[in-house]
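Coordinate inspection notes
This is what each chain is made of:
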Amino acid sequence: MKQTFYKYQGTGNDFVMIDNRYLSFDKNDTKLIKSMCSRRFGIGADGLILLENHETLDFKMVYFNADGNESSMCGNGGRCIVAFAKFLGIIENRTSFEAIDGLHHAEIAKTTVRLQMQDVSHLEKFDSHVFLNTGSPHHVQMEDDLTQLDIKKIGSTIRYGAPYNEAGTNVNFVTKISDELFSVRTYERGVEDETLSCGTGVTAVALAMNHIGETNNNLITLNVQGGTLQVSFEKNGLSLGYKNIWLIGPAVQVFKGEI
Ligand SMILES: N[C@@H](CCC[C@H](N)C(=O)O)C(=O)O
């Protein structure tokens, strides 16, 4: 049987998107998901996302990395599935849906999607980096010059090295431009390469920069390889950590196909 799919991108982080409300797609077929995401032998994407029915919320998001394995939260994918739900007529301009890390609220206006992320209560500061989980694990490291870095080489060394080892982490390299503007390049676990953007990654960068005192702003703009994202947040007064965190940026349908 033919499978209809859509291709979406959010600041260049691209996804195969499938309406799986009738459970027609076999999500245990890791080889198929990997081959669909392959840029040489398939459609080509950083990940594949299924939109499924949810008992009480608007829909459920199921996310797979390009390696074919289901993974933790994808912020850009979360923004893209909101645009997809609107395209399918499931939602209007506001939504609540479930992803692997729990409930998310979002709003869409034209091609801009604002996605609420989970509160972050635990950030670990080390000499050369910060580690935190924004739905996915992120190592955040400041650098003087992002243009000269071999992101795949350095990123994979950190991702597979101690203390992360096989389970791994995503790795973000950051340069400060001003108190409200940072540049970011990200090595993504499960893609095992640099991607043009990572939503949970820029969220981690914004919180980490506030946490280590590089900025006191609570609305941060982040230049990534594929465009520009914004992250807003509030410091959690009662404890170390952040709440009311929103990831904001474009989410665009690129094409529709059939395999
Ligand atoms: N591109 C994503 C992150 C996807 C998950 C990540 N590769 C992992 O497995 O941790 C984003 O936009 O957040």
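As a convention, each chain's residues are numbered from 1 in the sequence order in which they are written. Restriction of local features to residues with pLDDT of at least 70 applies here, the model being predicted, together with a cutoff of 80 or more for giving and counting side-chain atom pairs; totals for whole chains, interfaces and linings are based on all residues.

Our focus in this paragraph is the overall build of the chain. When its secondary structure is counted, the chain shows four helices and 17 strands. Here the globule rule is a power law, 2.2 Å times the number of residues to the power 0.38, and the radius of gyration is based on C-alpha atoms. On C-alpha atoms alone, the chain measures out to a radius of gyration of 17 Å, which is about the 18 Å that the 2.2 N^0.38 rule sets for 259 residues. C-alpha atoms of the chain, sized along the principal axes, occupy 55 × 35 × 25 Å. Here a residue counts as buried when 20 or more other C-beta atoms sit within 10 Å of its C-beta, as exposed when there are 12 or fewer, and as partly exposed otherwise, the C-beta atoms being derived from the backbone. Expressed as a percentage of the 259 residues in the chain, the buried residues total 41%. Long-range pairs, those at least 24 residues apart, make up 64% of the contacts in the chain between residues at least 6 apart in sequence. Only DSSP runs of H or I covering at least 4 residues are called helices, and only runs of E covering at least 2 are called strands; the numbering of each starts at the N terminus. C-beta atoms are placed from the backbone for every residue, and two residues are taken to be in contact when these atoms lie within 7 Å.

The next subject is the UniProt feature "active site" (unreviewed entry) in the chain. UniProt positions are given in the numbering used here, feature names are shortened, and annotations may be inferred rather than shown by experiment. UniProt records the feature "active site" (unreviewed entry) for Cys-74 and Cys-198 in the present numbering. Spanning 125 residues, the annotated positions come together in the fold, the maximum distance between their C-alpha atoms being 7.7 Å. Here Cys-74 lies in the loop between strand 4 (59–65) and helix 2 (75–87). Apart from the residues within four sequence positions on either side, Cys-74 is in contact with Gly-47, Tyr-63, Gly-199 and Thr-200. Along the chain, Cys-198 falls in the loop between strand 13 (193–195) and helix 4 (199–211). In this structure Cys-198 touches Asn-13, Asn-76, Asn-170, Thr-186 and Glu-188, once residues within four positions along its chain are discounted.

Now for the site of the ligand. The immediate surroundings of the ligand are formed by 18 residues, with Ser-71, Asn-76, Ser-136, Gly-199 and Thr-200 found nearest. Counting residues per element, the ones that place at least two in the shell around the ligand are helix 2 and helix 4. In this classification, Asp, Glu, Lys and Arg are treated as charged, Ala, Val, Leu, Ile, Met, Phe, Trp, Tyr, Cys and Pro as nonpolar, and every other residue, Gly included, as polar. Along the lines of polarity and charge, the residues of the shell around the ligand split into three nonpolar, 13 polar and two charged. Either an automatic procedure or a domain database provided the assignment from which the domain bounds are taken. Structurally, the shell around the ligand is a two-domain feature, drawing no fewer than three residues from each of domain 1 (4–117 + 252–258) and domain 2 (123–244). Each residue receives a C-beta atom placed from its backbone. It is near a molecule or strand if this atom lies within 6 Å of it.

What follows is about the packing of helix 2 against helix 4. Where helices are involved, their axes are fitted lines through C-alpha atoms of the stretch in contact, as for all axes, and angles between N-to-C directions lie from 0 to 180°. Following both chains from N to C, one finds helix 2 and helix 4 inclined at 125°, their axes separated by 5 Å at the closest point. The orientation of helix 2 relative to helix 4 falls into the category oblique. Of the residues in helix 4, those in contact with Gly-75, Asn-76, Gly-78 and Arg-79 of helix 2 are Gly-199, Thr-200 and Thr-203. Broken down by class, the residue content of the contact of helix 2 with helix 4 amounts to no nonpolar, six polar and one charged. Angular relationships are summarised with four words: roughly parallel below 35 degrees, roughly antiparallel beyond 145, roughly perpendicular across 65 to 115, and oblique for the angles in between.

Bringing the domain arrangement of the chain into the picture now. If you check the domain split of the chain, you get domain 1 (4–117 + 252–258) and domain 2 (123–244). The centre of domain 1, based on its C-alpha atoms, is set 22 Å off from the matching centre of domain 2. Contacts between the two partners involve 19 residues from domain 1 and, on the opposite side, 18 residues from domain 2. If you tally residues by element for the side of domain 1 that touches domain 2, the top one is helix 2, at four residues. Split into classes, the residues belonging to the side of domain 1 that touches domain 2 amount to four nonpolar, eleven polar and four charged.

Okay, the pairing of strand 9 (residues 130–133) next. Only one face of strand 9 is covered, namely the face carrying Val-130 and Leu-132; the face carrying Phe-131 and Asn-133 is uncovered. What makes two strands pair is DSSP finding at least two bridges between them. Where strand 8 (residues 123–125) folds back onto strand 9 in an antiparallel hairpin, the turn is made up of four residues. Alignment of strand 9 against strand 10 (residues 137–142), held across four bridges, turns out to be antiparallel. Bridge assignment links Asn-133 to a residue of strand 10, and that residue is Pro-137.

Turning our attention to the confidence of the model for the chain. A score from 0 to 100, pLDDT tells how confident the predictor is in each residue. Put simply, the chain has an average pLDDT of 97, and 99% of its residues get 70 or more. Across the assembled chains, the prediction reports ipTM 0.98 with pTM 0.98.

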